Amino acid sequence: MGFATNALNMPALIGKGCCVLSDELNHSSLVLGARLTGAKIKVFRHNDIADVEAKLRDAIVYGQDRTRRPFKKILIVVEGVYSMEGSVTRLPELIALKKKYKAYLYLDEAHSIGAMGPHGRGVVDYFGCDPRDVDVLMGTFTKSFGGAGGYIAGSQHLVALLRQRSHSGLYGASLPAPVAAQVVTAFQMLMGRAGPPGEGARRLKQLEVNTQYFRASLHRLGVIVYGHRTSPVVPVMIFMPGKIAAFGRETLKRGLGTVVVGYPATPIIESRARFCLSAAHSLDIIDRSVQIIDEVTSLLLMKYSRRPPPAWTAGITREWAEAQLKLVDQQRRPHGAANGGPVPRRPVECRGDPPDKVADENDAAVKDNLAAVAAAS
Ligand SMILES: Cc1ncc(COP(=O)(O)O)c(C=O)c1O
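Position numbers for residues start from 1 in each chain and track the written sequence from start to end. Where local features are concerned, this predicted model is filtered to residues with pLDDT of at least 70; where side-chain atom pairs are given and counted, the filter is 80 or more; whole-chain, interface and lining totals use all residues. In computing side-chain properties, one takes all heavy atoms of the structure into account and sets aside hydrogens as well as water.

The chain carries the name serine C-palmitoyltransferase in an unreviewed UniProt entry, which gives Macrostomum lignano as its organism. UniProt positions are given in the numbering used here, feature names are shortened, and annotations may be inferred rather than shown by experiment. UniProt, in its Catalytic activity (unreviewed entry) section for the chain, records the words "L-serine + hexadecanoyl-CoA + H(+) = 3-oxosphinganine + CO2 + CoA". For the chain, the Cofactor (unreviewed entry) comment in UniProt is given as "pyridoxal 5'-phosphate".

Looking now at the environment of Met 191. Numbering goes from the N terminus for both helices and strands, where a helix is a DSSP run of H or I of at least four residues and a strand is a run of E of at least two. As for its placement among the helices and strands, Met 191 is situated in the loop between α8 (177-190) and α9 (199-221). A simple rule labels every residue: compare its accessible area, found with a 1.4 Å probe on the protein chains alone, to the largest value its type can have, and call it buried under 20%, exposed over 50%, or partly exposed in between. The class for Met 191 is partly exposed, based on a relative accessible area of 39%.

A few words on the site of the ligand. Around the ligand sit 14 residues, and of these Gly 2, Phe 3, Asp 108, His 111 and Thr 142 come closest. We call two N or O atoms a polar contact when they sit within 3.5 Å, provided that within protein one can donate a hydrogen and the other can accept it, with sequence-adjacent residues counted only if both atoms are side-chain atoms. Here Gly 2 contributes a backbone N or O atom positioned 2.7 Å from an oxygen atom of the ligand. The side chain of Lys 143 places a nitrogen or oxygen atom 3.0 Å from an oxygen atom of the ligand. Computed by Shrake-Rupley with a 1.4 Å probe, the accessible areas treat only the displayed protein chains as cover when residues are assessed. In the complex, the protein chains occlude 87% of the 390 Å² of accessible area that the ligand would expose alone. A per-element tally of the shell around the ligand places helix α1 (residues 2-13) first, with 3 residues. Here the shell around the ligand is built from residues that sort into 3 nonpolar, 8 polar and 3 charged. Only a single heavy atom is needed: when it lies within 4 Å of a molecule or strand, its residue is near that molecule or strand. Classification convention: Asp, Glu, Lys, Arg as charged; Ala, Val, Leu, Ile, Met, Phe, Trp, Tyr, Cys, Pro as nonpolar; all other residues, Gly among them, as polar.

Phe 214, Leu 218, Val 234, Phe 247, Phe 275, Ile 293 and Met 302 are the most contacted members of the largest nonpolar core, which has 31 residues in total. When residues of this core are traced back to their parent elements, those giving at least two are α9, β7 (233-239), α10 (244-253), β9 (271-276), α11 (283-299) and α12 (318-330). No other element matches α9, which puts 7 residues into this core. As used here, the term nonpolar core means buried Ala, Val, Leu, Ile, Met, Phe, Trp, Tyr and Cys residues forming a set that is joined through side-chain atoms within 4.5 Å. One finds Phe 71, Ile 95, Tyr 101 and Cys 129 within the second-largest nonpolar core, a separate group that totals 29 residues.

Here a cavity denotes a set of grid points, spaced 1 Å apart and computed over the protein atoms alone, in which a 1.4 Å probe fits but from which it cannot get out, and a pocket denotes an open set meeting protein on both sides within 12 Å along at least five of seven lines; residues with an atom within 4 Å of a point are reported as lining. Grid points are joined across faces, edges and corners, and a volume is the space filled by probe spheres set on the points. Looking at the second largest pocket, its volume works out to about 630 Å³. Every residue lining the second largest pocket is counted, 25 residues in all, and those nearest its centre are Gly 114, Lys 143, Ser 144, Phe 145 and Ala 279. Every element with two or more residues in the lining of the second largest pocket is listed here: α8 and α9. With 5 residues, the single largest contributor to the lining of the second largest pocket is α8.

What follows deals with unusual backbone geometry. Where the residue is not glycine, phi is negative for most of them; where a peptide bond is considered, it is trans in most cases. With an omega of 5°, the peptide bond between Tyr 263 and Pro 264 qualifies as cis. By the secondary structure assignment, Pro 264 is in the loop between β8 (259-261) and β9. If you check the backbone angles, Asn 47 has positive phi at about 55° while not being a glycine. Mapped onto the secondary structure, Asn 47 falls in the loop between β2 (40-44) and α3 (49-62). Relative accessible area serves as the criterion here: at 15%, Asn 47 is assigned to the buried category. You will see that Leu 301, though not glycine, has its phi angle at about 55°, which is positive. Mapped onto the fold, Leu 301 is located in the loop between α11 and α12.

Attention now moves to the sheet that holds strand β4 (residues 104-108). Strand pairing follows a simple DSSP-based rule, namely that at least 2 bridges must link the two strands. The 6 strands are arranged β2-β1-β3-β4-β5-β6 in an open sheet whose pairing can be described as mixed. For this open sheet the edge positions go to β2 and β6 (150-153), each flanked by a neighbour on one side alone. The average undirected angle you get between the axes of adjacent strands in this sheet is 20°. Lines are fitted to the C-alpha atoms to define the axes, a helix being fitted only along its stretch in contact, and any angle between axes, read from their N-to-C directions, falls within 0 to 180 degrees.

Counted residue by residue, strand β1 (residues 19-23) has 5 buried out of 5 residues, so it is predominantly covered. Neither face of β1 is open: one carries Cys 19, Leu 21 and Asp 23, the other Val 20 and Ser 22, and all of them are buried. In this sheet, β2 lies alongside β1 in parallel orientation, the contact comprising 5 bridges. Across the sheet, Asp 23 pairs through a bridge with Phe 44, a residue of β2. Look down the strands so they point away from you; if the path from the first strand over the helix to the second goes clockwise, the crossover is right-handed. Read from β1 through helix α2 (residues 28-37) to β2, the crossover connection turns out right-handed. Two strands pair when backbone bridges link them, and β1 and strand β3 (residues 74-79) are joined in this way by 4 bridges, in the parallel orientation. Within β3, the position partnered with Ser 22 by the bridge is Val 77.

As structure tokens, this is what we get:
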């Protein structure tokens, strides 16, 4: 689970005498991980950069409780796409802050890896940031990858440290081979090295088109939708707890299974239905779903919005969506040498090796791979 990846790795990174700055809407695995570290936890308002800065300054100026010693490390913990809000983190501003105050950044890409950005590499790719500016890149294999487990990516030093200290790595079983194969294949497809030519790019485009088309259609119905227009997590607000079960039941009766969410996963009067879009959804499926949502939200008096649909929805029609998908089909490139060719195998590292040796071997492996790719092309 990605849950265990967060909960069990964070304590290997920081501990007593450190400070965690956590977004108020962080997933419960991040909350549990932060608590298990024993570090001081300060919570900032959701996506509020001014509040992050204020809390950072406080942490630096006042230091630890009682002793007032400076914190050993300050770790800012955020999600790429928030799982219940559909909002996207303000990554470039967070990177600037963490550099300014010499803090560290932990980014949970559970809902963004394989879904956001022109290459599907998450919000880092979406904003065009340098992944090296994010100290800890975490993600799950349970969502876009259709597998199980999670990962942490970062500098060689970080990875070596986690290999030595992480409870999940040391005391838990590794990923089963079939799951690992599934995940690697999904990565290769995203990189244009597996599956039918251009399939990774096509799926990314389909997801992006589906997301915007679905969101625009919902706005036109008059329901309240949270989140960013490109976020594939789409919460539709139910608000009243009494309507949660009715919404789930009525949509299911009409052939649409929905995920309804209430307290304690959301504030008590902010119940919602959470839709997660997939590249496997066709435009017909989306149209049919919107039609069902239209019927049910009318029945349950859920069309709360008093505002006109946002301006961006104007051009997002079925014709627009079809034209976008046609374009990406025309742009499919044959894969093979020009796209990188088959991925060369990297030598497997030994877990017990000291970090330096691992680093040397990895450098050599990377050079070998680059040479092989160059030779193939
Ligand atoms: C932001 C975030 N992190 C971690 C997780 C846990 O992932 P998993 O379902 O793989 O345990 C989730 C699950 O929804 C999530 O939304």
